[in-house]
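Residues per chain are reported as follows:
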Amino acid sequence: MVYIKRLIRMMFSNYFLELPIAIFYILYSILVVFPLQLLICYKTRNKVIRLLPILFYIMMTIVFLTLELKGEHWDGTPYLILALFAFYNALVCCLGSFIASRKKIEKREIISLF
C-alpha cells in the first residue's frame, strides 16, 4: 500500500506549465489523442489502420512494464508511471473507436428506416 501511495504522490508532484504532470497528460489525452482517433476512424475504412494507435499504446505499455520489472527497488517506478499513462491512452483510443463504430451503426439504422 505504501508503494501505491508513493507512486501517486510522485505522479502529482512533478510540474509542467504550472500543472501536475498527471493532469497535463490527462488533458493531452482528451484534447489530442481522442479527436485524432475519431478522425482516423471516420476517414479510413481499413480496420487495421484504425487499430494501429491502440496497438501502439498497448505495445508501449508492455515495454514500460517490462522495464519496470527489470529495475531494482525504486528504479522502475518512472516506467510504471509511463506504463499507466500509455495504458490510459490505449483506453482513450478504444473509447474513440467505440464511439465512432456506434455512430456508424446509428447512421445505418436511420438510413435503413427510409
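Refer to the structure printed above.
Scope of this entry: the structure provided in the associated data block. (Residues numbered from 1 in each chain as written. Predicted model: local features only at pLDDT ≥ 70, side-chain atom pairs only at ≥ 80, totals over all residues. Heavy atoms only, no water.)

1. Observations regarding helix 2 (residues 21-43)
- Taking 1.5 Å of rise per residue, the 23 residues of helix 2 would be expected to cover 33 Å, and the 32 Å separating its terminal C-alpha atoms lies within 8% of that figure.
- By the largest-angle criterion, Ser-29 marks the main kink of helix 2, which is about 35°.
- Along helix 2, the residues classified as buried are Ala-22, Tyr-25, Ser-29, Val-33, Phe-34, Gln-37, Leu-38 and Cys-41. (Helix = DSSP H or I, 4+ residues; strand = E, 2+ residues; numbered from the N terminus. Expected span 1.5 Å × (residues − 1). Bend = angle between axes of the 7 residues up to and from the residue. Buried < 20%, exposed > 50% of the residue type's maximum accessible area, 1.4 Å probe, protein only.)

2. Focus on helix 3 (residues 47-70)
- Here helix 3 is 24 residues long and its end C-alpha atoms lie 35 Å apart, about the 34 Å a rise of 1.5 Å per residue gives.
- Those residues of helix 3 that sit buried are Arg-50, Pro-53, Ile-54, Tyr-57, Thr-61, Phe-64 and Glu-68.
- The opening residue of helix 3, the one whose side-chain oxygen lies 3.2 Å from the backbone nitrogen of Val-48, is Asn-46. (Polar contact = N/O pair within 3.5 Å; in protein donor to acceptor, adjacent residues only side chain to side chain.)

3. Some words on a nonpolar patch on the surface
- Together, Ile-23, Ile-26, Leu-27, Tyr-28, Ile-30, Leu-31, Val-32, Leu-36 and Leu-39 line one region of the surface with nonpolar side chains, adding up to about 770 Å² of accessible area.
- Within the fold, Ile-26 resides in helix 2.
- Residue classification places Ile-26 among the partly exposed residues on the basis of a relative accessible area of 35%. (Patch = residues over 30% accessible without salt bridge, like charges linked within 9 Å, V, L, I, M, F, W, Y side chains within 5 Å. Areas by Shrake-Rupley, 256 points an atom, 1.4 Å probe, with all protein chains shown as cover. Salt bridge = Lys/Arg side-chain N within 4 Å of Asp/Glu carboxyl O.)

4. Some details on the nonpolar core
- Core analysis: the largest hydrophobic core is formed by 10 residues, namely Val-33, Phe-34, Leu-38, Cys-41, Ile-54, Tyr-57, Ala-90, Val-92, Cys-93 and Ala-100.
- Secondary-structure elements contributing two or more residues to this core are helix 2, helix 3 and helix 4 (77-113).
- Sequence-distant contacts of Val-33, that is, excluding residues within four places in its chain, are made with Tyr-28, Tyr-57, Asn-89, Val-92 and Cys-93. (Core = buried A, V, L, I, M, F, W, Y, C linked by side-chain atoms within 4.5 Å. Contact = heavy atoms within 4.5 Å.)

5. Focus on the packing of helix 2 against helix 3
- Closest axis-to-axis distance for the helix 2/helix 3 pair is 8 Å, and the angle between their directions is 150°. In terms of orientation, helix 2 lies roughly antiparallel with respect to helix 3. Touching Val-33, Gln-37, Ile-40 and Cys-41 of helix 2 are Ile-49, Arg-50, Pro-53, Ile-54 and Tyr-57, all from helix 3.
- Among the residues making up the contact of helix 2 with helix 3, the classes are represented as 7 nonpolar, 1 polar and 1 charged. (Axes fitted to C-alpha atoms, helices over the stretch in contact; angles between N-to-C directions. Parallel < 35°, antiparallel > 145°, perpendicular 65-115°, else oblique. Nonpolar A, V, L, I, M, F, W, Y, C, P; charged D, E, K, R; others polar.)

6. A few points about the environment of Leu-82
- You can see Leu-82 is positioned in helix 4.
- Given a relative accessible area of 36%, Leu-82 falls into the partly exposed group.
- Residues Leu-82 and Leu-65, 17 residues apart in the sequence, show an inter-C-alpha distance of 8.6 Å.

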